[in-house]
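Examining the three-dimensional arrangement
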Amino acid sequence: MEEKQHIGQLFDRIAGTYDGLNHGLSLNIDRLWRKRTVAAMTPAKQVLDVAVGTADLTIEMLRRGKVEQVTGLDLSRRMMAVGEEKVNRLYPGSVNFVYGNAQQMPFDDASFDAVTCAFGCRNFSDLDAGLREMYRVLKPGGQLLILEFSYPSNRFVRACYDIYFTHVLPRVGRLFSRDKTAYTYLNRSVKSFCWGESFVRHLHDAGFREESFVPLTFGIATLYTARK
Ligand SMILES: C[S@@+](CC[C@H](N)C(=O)[O-])C[C@H]1O[C@@H](n2cnc3c(N)ncnc32)[C@H](O)[C@@H]1O
């Protein structure tokens, strides 16, 4: 099966339980990370939320009045359907959901004032292709904000993190989502992904400037920002 189909289907399977598990398994800390991301955002008219999923980051941007119109792109129709329902209740008409691959986006060059992506990049089969696409669709001077899991540097936090991600999260995830593989995949994808300076080098290679990053909650997640 093609990689993109596989990822889309994986998220289709867990779409119904994604929000509840996300907030429960992170003890709601994921909400704080999205708030931090939006706080770092320069107000923008047209925003592209890559890997929009169930639209939590999009909703936070709209709630804070940072954006006028959002386009959400994702490979999972079911994740977007959950997102669309939430958006229609709160901010009808503010979001255009588009099915598509982040590594080959169906948008013209320089279409957006800002591009965001929360917990999406580590799912890309080709990270550099995804970042190059984000660069291409951004207007000159536009802002990029990426929120992604990372690996804590403190040894004690790292030990707790390892136990949680290897033993607790896959079991609880399997129990509630009834999916055998999705949360084991989450654990593997987080550990094998680059973070910090190494991620910043990918941003630089894609053409971005003013790259910087802030570790959040002992480095369990990291917020990266840059400009075209
Ligand atoms: C962990 S969820 C994050 C969703 C949302 N941004 C959030 O903060 O909760 C990852 C999302 O990325 C999407 N995704 C993964 N690879 C993708 C790709 N190549 N192109 C578009 N979306 C992708 C998945 O379908 C899924 O909805």
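Residues numbered from 1 in each chain as written. Predicted model: local features only at pLDDT ≥ 70, side-chain atom pairs only at ≥ 80, totals over all residues. Heavy atoms only, no water.

1. Details of the packing of aromatic side chains
Across all of its chains, the model carries 10 aromatic pairs by this definition. Plain terms: the ring middles of Trp-33 and Phe-149 are 6.0 Å apart, the flat faces sit at 90° to each other, and that makes the pair edge-to-face. Here Trp-33 is found in helix α2 (residues 29-39), whereas its partner Phe-149 is found in strand β5 (residues 138-149), with 116 residues between them in sequence. The exposure classification of Trp-33 matches that of Phe-149, with both residues buried. Summarising the aromatic geometry, the rings of Phe-213 and Tyr-224 are spaced 6.0 Å apart at their centres and angled 35° between planes, so their arrangement reads as tilted. One end of the pair, Phe-213, is in strand β6 (residues 209-216); the other, Tyr-224, is in strand β7 (residues 221-227), and 11 residues separate them in sequence. By relative accessible area, which is 30% here, Phe-213 ends up partly exposed. Judged by relative accessible area, Tyr-224 falls into the buried class, the value being 2%. By way of ring pairs, the aromatic residues Phe-193, Phe-199, Phe-213 and Tyr-224 are connected into one cluster. (Phe/Tyr/Trp six-rings, centres within 6.5 Å; stacked < 30°, edge-to-face > 60°. Helix = DSSP H or I, 4+ residues; strand = E, 2+ residues; numbered from the N terminus. Buried < 20%, exposed > 50% of the residue type's maximum accessible area, 1.4 Å probe, protein only.)

2. Concerning the pairing of β5
Judged by how many residues are buried, β5 sits mostly within the fold: 9 of 12 residues are covered. Pairing between strand β4 (residues 112-118) and β5: 6 bridges, direction parallel. The residue bridging Ala-118 from the neighbouring strand is Leu-147, located in β5. Taken together, β4, helix α5 (residues 127-137) and β5 constitute a β-α-β crossover, and its handedness is right-handed. Pairing of β5 with β7, which is carried by 7 bridges, proceeds in the antiparallel orientation. Along β7, the bridge assignment pairs Ile-146 with Tyr-224. (Pairing = 2+ DSSP bridges. Right-handed = clockwise from strand over helix to strand, strands pointing away.)

3. Quick look at the pairing of strand β1 (residues 44-50)
For β1, the tally of buried residues reaches 5 of 7 residues, placing the bulk of the element in the interior. In the sheet, β1 pairs with strand β2 (residues 67-74) via 6 bridges, with the strands oriented parallel. Across the sheet, Asp-49 pairs through a bridge with Gly-72, a residue of β2. For the handedness criterion, the β-α-β arrangement of β1, helix α3 (residues 56-63) and β2 is classed as right-handed. As paired strands, β1 and β4 are joined by 4 bridges and run parallel to one another. Of the residues in β4, the one forming a bridge with Asp-49 is Thr-116.

Interpretation note: all reported values are geometric properties and have no functional meaning in isolation.
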